[in-house]
Amino acid sequence: MAIDAATVRKVARLARIAEPEERIEALAQELNGIMAWIEQLAEVDTDGCEPLTSVVAAGLPMREDVVTMGGDPARVTSNAPKSVNNFFVVPKVVE
Amino acid sequence: MSALTKLTLASALDGLAKREFTSVELTKAHVEAVEAARGLNAYILETPEKALDMAAKSDARRALGEAGPLEGAPLGVKDLFCTEGVRTTACSKILENFIPTYESTVTSQLWRDGAVMLGKLNLDQFAMGSSNETSYFGPVTNPWRAQGSNKALTPGGSSGGSAAAVAADLCLGATATDTGGSIRQPAAFTGTVGIKPTYGRCSRWGVVAFASSLDQAGPIAKTVEDAALLLTSMAGHDPKDSTSLDVPVPDFTQFVGKSVKGLRIGIPKEYRVDNMPAEIEKLWADGVAWLKDAGCEIVDISLPHTKYALPAYYIVAPAEASSNLARYDGMRYGLREDGATLTEIYENTRASGFGDEVKRRILIGTYVLSHGYYDAYYLKALKVRRRIAEDFDKAWEKCDAILTPTAPSAAFGLGENSNDPIAMYLNDVFTVTTNLAGLPGLSLPAGLDANGLPLGLQIIGKPLDEATVFSVAGAVEKAAGFSGKAEKWW
């Protein structure tokens, strides 16, 4: 299940990371090395084994459906790369 | 006033209580030590004015008889904890100018208990690394050097700044986080004590997320008692973290120094790895002998899936990271780069804002979660994770705590492993199992290798049984009599 250049391009696109064309081959080799090492997991017998998603056994707690923090747009937008009048300014996405 | 920085946290608190010195004096001594140690690159942001202001207020509270458990103690904070009004970067370019408008739960509890913040400590970018070399702000240099050498060594990672700062007396203790060994491996490399508590003990709220099912906060400190003092303050239920455990937090210090007579200590045979230095084998045997002398029963145990823990981790952690780090889109906070289309803006922002190791892990995570590979990799890794947890469940039928080495080597040179990701990942071979199983693990210094570098032993406990971990660690600390200190060269 080797990772080729096309797979690297596809995964980088999915992850929204621009990878320059000259890095693609090197990345494919790097990722292949790591995935080959990971392949040893196939040796483990996991028949009938439930996946362990959380070590905290209890279900997720519910909380009151009320506003606990809010009403402070200046604080919310204070780290925005661009903001005007307490609004986030984002690139135009709808023509 | 350099003598004040040599104190342990416990003795400093004692001195403050006896009015031998004030928090302002203690804090000033640390501020000066921090300024004089910039060559170590442990602090990436110093906050001396804030520190002295907090110290003055602390002295005022003490004068009113309102002293908290950590009243007046100057601490360092790993730059993964959000601090209100104080830049928090995760040592990344993407968060280079991020100033949180809120305080992490863990740090807020330290300030509630009277502690003073000296500044923010360096780490591997987004806590991804074992040598501190992935930091956007450059690596930390270990205060320790091999005998007769001036080669720069790594303090370990990801909490390298925290460990180096404690080892070099640049704070009385520090916050840290551990996703695969990021508290314990740096503690071992710097002759300090670090504990990763049970998953859920410390709130993750306000801690920059890496792999949410594995991340846990904990302290790095000079002694086992100091680590217990800090964890008692840091731990506790927080409704803002849905995985935070709603259980009482005991005063962990009461378990340090408690007799360990009759405790059964498990020795896992799978923790002997190829090429492990003989000195680490010997130190481990010493640990066994010390605990036997203290009245423990030594039991051989088996954790058969140990060798699969790291490969499973390198699926689970990148998968969670790729999801967690999707939030860095350059729209609401953090860096934004230009681009012709929205997708290009995202892609350029993330390409420029993340370092190579972070990108590598996001790509692996995206790959293993992508269509067609999810079952083969991600689901398989979660099943192996179950097997690893089951290994421990079986071990607890035979023992009360487990003793292992912390890391497979002493501190290595900066640059030595940075071109080989898998060699770097193998640093966490003894620590990562407890993250996958959610168990508490503590590393303490127990001896020096032939080059005069510190080595650590790890104590692993049952879920929520930090009490026994602290008792066993206290016994090992007493028997080891480790008093090594890095010789000041910085």
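As the structure is a prediction and not an experimental result, all values here were calculated from the model. (Residues numbered from 1 in each chain as written. Chains lettered and ligands numbered in written order. Predicted model: local features only at pLDDT ≥ 70, side-chain atom pairs only at ≥ 80, totals over all residues.)

### Details of the overall build of chain A
Right, on to step 1. Summing up its helical and strand segments, chain A has 3 helices and 2 strands in all.
Right, on to step 2. Element order for chain A, N to C, with α for helix and β for strand: α-α-α-β-β.
Right, on to step 3. Viewed in the frame of its principal axes, chain A has a C-alpha envelope of about 55 × 45 × 25 Å.
Right, on to step 4. Across the 95 residues that make up chain A, the buried fraction comes to 16%. (Helix = DSSP H or I, 4+ residues; strand = E, 2+ residues; numbered from the N terminus. Buried ≥ 20, exposed ≤ 12 C-beta atoms within 10 Å, placed from the backbone.)

### Re helix α6 (residues 160–167) of chain B
For an α-helix, 3.6 residues make a turn, and residues three or four places apart therefore share a direction.
Residues and elements named next belong to chain B.
Right, on to step 1. Counting buried residues in α6 gives 8 out of 8 residues, a clear majority hidden from the surface.
Right, on to step 2. In this fold, the buried residues of α6 make contact with β1 (43–46), β2 (74–78), β3 (116–121), β4 (173–178), α7 (184–190) and β6 (216–221).
Right, on to step 3. Taken from the residues just after α6, D169 is the one with a positive phi, measuring 60 degrees. (Contact = placed C-beta atoms within 7 Å.)

### Remarks on helix α11 (residues 342–353) of chain B
Right, on to step 1. Relative to the 16 Å expected for 12 residues at 1.5 Å per residue, α11(B) spans 16 Å between its end C-alpha atoms, a close match to the ideal helical length.
Right, on to step 2. What α11(B) keeps buried is the set B:I345, B:Y346, B:E347, B:N348, B:T349, B:R350 and B:G353. (Expected span 1.5 Å × (residues − 1).)

### So, the environment of B:E297
Residues and elements named next belong to chain B.
Right, on to step 1. Note on placement: E297 falls in strand β8 (residues 297–301).
Right, on to step 2. Residue class for E297 comes out partly exposed when judged on the 13 C-beta atoms lying within 10 Å of it.
Right, on to step 3. C-alpha separation for the pair E297 and F255, spaced 42 residues apart in sequence, amounts to 19 Å.

### What to know about the confidence of the model for chain B
Right, on to step 1. The predicted model of chain B averages 97 in pLDDT, with 100% of residues at 70 or higher.
Right, on to step 2. This prediction of the complex comes with two scores: 0.97 for pTM and 0.95 for ipTM. (pLDDT = per-residue confidence, 0-100.)

### Re the interface of chain B and chain A
Right, on to step 1. If you look at the interface, chain B gives 51 residues, while chain A gives 38 residues.
Right, on to step 2. Contributions of two or more residues to the side of chain B that touches chain A are made by α10 (309–324), α11, α12 (356–369), α13 (374–395) and α14 (421–425) of chain B.
Right, on to step 3. Sorting elements by how many residues they give to the side of chain B that touches chain A places α13(B) first, with 10 residues.
Right, on to step 4. When grouped by side-chain class, the residues that make up the side of chain B that touches chain A number 28 nonpolar, 12 polar and 11 charged. (Nonpolar A, V, L, I, M, F, W, Y, C, P; charged D, E, K, R; others polar.)

### A short note on the pairing of strand β11 (residues 454–461) of chain B
All names here are of chain B.
Right, on to step 1. Across the 8 residues of β11, 8 count as buried, placing the element largely inside the fold.
Right, on to step 2. Side-chain alternation along β11 places P454, G456, Q458 and I460 on one buried face and L455, L457, I459 and G461 on a second face that is also buried.
Right, on to step 3. Bridge count for strand β9 (residues 401–405) against β11 is 5 bridges, and the pairing is antiparallel. Of the residues in β11, the one forming a bridge with T404 is Q458.
Right, on to step 4. Relative to β11, strand β10 (residues 441–448) is paired through 7 bridges, and the arrangement is antiparallel. Paired with L442 across the two strands is I459, which belongs to β11.
Right, on to step 5. From the end of β10 to the start of β11, which pair antiparallel, there are 5 residues, and G452 there has a positive phi angle of about 80 degrees. (Pairing = 2+ DSSP bridges.)

### A word on the nonpolar core
Across soluble globular proteins, you tend to see nonpolar side chains buried next to one another.
Residues and elements named next belong to chain B.
Right, on to step 1. Counting 168 residues, the largest nonpolar core has A42, L75, A165, A312 and I315 as its most contacted members.
Right, on to step 2. Broken down by element, this core gets its largest block of residues, 10 residues, from α10.
Right, on to step 3. In this structure A165 touches A42, Y43, G76, L121, L170, C171 and A174, once residues within four positions along its chain are discounted. (Core = buried A, V, L, I, M, F, W, Y, C linked by C-beta atoms within 7 Å.)

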